[in-house]
Amino acid sequence: MDLQIYSEAQKVWENITTNTEVEDLQLEIALQKKLLDFFHVGDFYFFLFDIPRGDFRYVSSDISNVLGYKPEEVSVEFILSKVHPDDQATFLNNEKAVGKFFATLTNDQIPKYKVRYDYRVMNSEGRYVRILQQVMTVQYDDDNNVLMTLGVHTDISHLKKDNNSILSFIGMDGEPSYYDVDVEKAYTAGNQIFTKRESEILGLILQGEQSAAIAKKLFISTHTVNTHRKNILAKTNTKSTIELAMKIVSEGLL
């Protein structure tokens, strides 16, 4: 499992809030009203994201229809580990842009913006689904710290075939909207430095697979897998799997 994208995302979210506690909310009516503000063009599920904790408070059962996972097995870390390697840098860049945008808002503007962009997530069958992510703030404090958000993930695989993610901030209650926002490339996709076989093995390494399991899946010997592992570490100038994962995500090498 690739945990580095989650670690990098946590750094971004820490800039959105410094508060470490979220009070319990009676959200049912408010959530139903806010869900009406989302435009759905396919199967969707919704979730509550507790930013200080960096994890979900709630995931609707509809995730089974969209990604094939059960709500109880899903965490933010789990979902981020399923983001397509080519989309991980895009996800992090978008989240960083979101943090910068919300830092410019006044306190009363915070709940009046919906954030929207898309990326690919692997479903339970190993197939990538293009997800449209739409997020609104449902709790924040007087210091402009966003504490909890309501998000909706909609399957738009049938509508969008290209891999260009577009970030938009949708204004409500009279606020202006900003479409196709120019996003700083703090995380960049690097040149392909791996052979096809190395890329296959690297992808499995980042999913937490051991050499023996990788060898079995690819129908090669464990010795061959270990040789590729050494070559991958040498090419990236890293000494461990954790260090390798950090470099892969931060430099977009896969």
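Our subject in this report is the structure included herewith.

For the structure shown, the criterion picks out 9 salt bridges. The shortest N-O distance in the salt bridge between Glu-200 and Arg-197 comes to 2.9 Å. Taken together, the residues span about one helical turn, with Glu-200 and Arg-197 both in helix α6 (residues 196-206) at a distance of 3 residues. The class of Glu-200 is partly exposed, set by a relative accessible area of 33%. Of the residues examined, Arg-197 reaches a relative accessible area of 30% and is grouped as partly exposed. For Lys-217, the salt bridge goes to Glu-209, with nearest N and O atoms at 2.8 Å. Judged by its relative accessible area of 45%, Lys-217 falls in the partly exposed class. In this structure, a network of salt bridges that share partners links the residues Asp-118, Arg-130, Lys-160 and Asp-162.

Across soluble globular proteins, you tend to see nonpolar side chains buried next to one another. Membership of the largest hydrophobic core comes to 43 residues, with the highest contact counts inside it found for Trp-13, Leu-67, Leu-80, Phe-91 and Phe-102. Breaking this core down by element, the ones donating at least two residues are α1 (4-14), β1 (44-50), β2 (55-59), α3 (63-66), α4 (76-81), α5 (88-103), β3 (113-122) and β4 (128-140). Looking at this core, the element that brings in the most residues is α5, giving 7 residues. In this structure, Phe-102 is in contact with Ile-110, Tyr-113, Val-115, Thr-137 and Val-146, ignoring residues within four places of it in sequence. Among the nonpolar cores identified, the runner-up in size contains 14 residues, and Ile-201, Ile-214, Leu-218 and Ile-248 belong to it.

In this section: the sheet that holds strand β5 (residues 146-155). Strand pairing in a sheet takes place through backbone hydrogen bonds and is either antiparallel or parallel in direction. The strand order across the open sheet formed by 6 strands is β2-β1-β5-β4-β3-β6, and the pairing between neighbours is antiparallel. Each of the sheet's edge strands pairs with one partner strand only, and the pair in question is β2 and β6 (168-171). On average, each strand axis in the sheet is inclined to that of its neighbour by 30°, with strand direction left out of account. Pairing between β1 and β5: 7 bridges, direction antiparallel. Looking at β5, one finds that Phe-47 is bridged to Gly-151.

What counts, and where the lines are drawn
Residues numbered from 1 in each chain as written. Predicted model: local features only at pLDDT ≥ 70, side-chain atom pairs only at ≥ 80, totals over all residues. Heavy atoms only, no water. Salt bridge = Lys/Arg side-chain N within 4 Å of Asp/Glu carboxyl O. Helix = DSSP H or I, 4+ residues; strand = E, 2+ residues; numbered from the N terminus. Buried < 20%, exposed > 50% of the residue type's maximum accessible area, 1.4 Å probe, protein only. Core = buried A, V, L, I, M, F, W, Y, C linked by side-chain atoms within 4.5 Å. Contact = heavy atoms within 4.5 Å. Pairing = 2+ DSSP bridges. Axes fitted to C-alpha atoms, helices over the stretch in contact; angles between N-to-C directions.

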